[in-house]
Amino acid sequence: MSTKTEMKPLPKWFNGDVYPKGGTVENIFTGEPAELNANELSMYDFIMGLTMILERTGYRSEKLMKDHRRGLDWFRRANASAYMVLLD
């Protein structure tokens, strides 16, 4: 769970949906929950959408792979504990 009180701004390159509020997300494999603020939830959904495209469809592009990596890096810095629960 996030212990930070300040929300890290989304990066300029981010082109996903920006949610007005956060929520609780569960790891898709373990069911372990993590509380995310609005920006973290926006980035999490962006990352998961890219993961689905890259892994399940086999579609590859340099831009999608770069955005996926940048999203993971941003999330890890914004909320390391939630990163470990949800994405590691």
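Before reading further, recall that the structure is shown in the block above.
Attention in this report is confined to the structure presented alongside it. Because the structure is predicted, anything quoted here is derived from the model rather than measured.

## Some details on the pattern of salt bridges
1) Next: On inspection of all chains with the given rule, the structure shows four salt bridges.
2) Next: Across the pair Asp-67 and Arg-70 runs a salt bridge whose closest N-O atoms are separated by 2.8 Å. Taken as a pair, Asp-67 and Arg-70 lie in helix α2 (residues 62-78) at a separation of three residues, close to a single helical turn.
3) Next: Since its relative accessible area comes to 27%, Arg-70 is described here as partly exposed.
4) Next: One salt bridge in this structure joins Arg-76 and Asp-73, with 2.9 Å as the shortest N-O distance. Pair noted here: Arg-76 and Asp-73 are both in helix α2, with a separation of three residues, about one helical turn.
5) Next: Residue Arg-76 is classed as partly exposed on the basis of its relative accessible area, which comes to 37%.
6) Next: The structure contains a network of salt bridges with shared partners spanning Lys-63, Asp-67 and Arg-70.

## Overview of the environment of Met-43
1) Next: Mapped onto the elements of the fold, Met-43 is located in helix α1 (residues 38-57).
2) Next: For Met-43, a relative accessible area of 0% corresponds to the buried category.
3) Next: Residues contacting Met-43, with those up to four places away along its chain left out, are Leu-10, Pro-11, Trp-13, Phe-14, Gly-71, Trp-74 and Phe-75.

## Overview of α2
It helps to recall that an α-helix has 3.6 residues per turn; residues three or four apart then point in one direction.
1) Next: Look at α2: 24 Å from first C-alpha to last across 17 residues, which is about the 24 Å you get at 1.5 Å a residue.
2) Next: Listed as buried for α2 are Leu-64, Asp-67, His-68, Gly-71, Leu-72, Asp-73, Trp-74, Phe-75 and Ala-78.
3) Next: Buried residues along α2 sit against β2 (33-36), α1 and α3 (80-86).

## Things to note about the environment of Glu-62
1) Next: Structurally, the position occupied by Glu-62 is in helix α2.
2) Next: It is 22 Å that separates the C-alpha atoms of Glu-62 and Asp-88, two residues lying 26 residues apart in sequence.

Criteria and thresholds
Residues numbered from 1 in each chain as written. Predicted model: local features only at pLDDT ≥ 70, side-chain atom pairs only at ≥ 80, totals over all residues. Heavy atoms only, no water. Salt bridge = Lys/Arg side-chain N within 4 Å of Asp/Glu carboxyl O. Helix = DSSP H or I, 4+ residues; strand = E, 2+ residues; numbered from the N terminus. Buried < 20%, exposed > 50% of the residue type's maximum accessible area, 1.4 Å probe, protein only. Contact = heavy atoms within 4.5 Å. Expected span 1.5 Å × (residues − 1).

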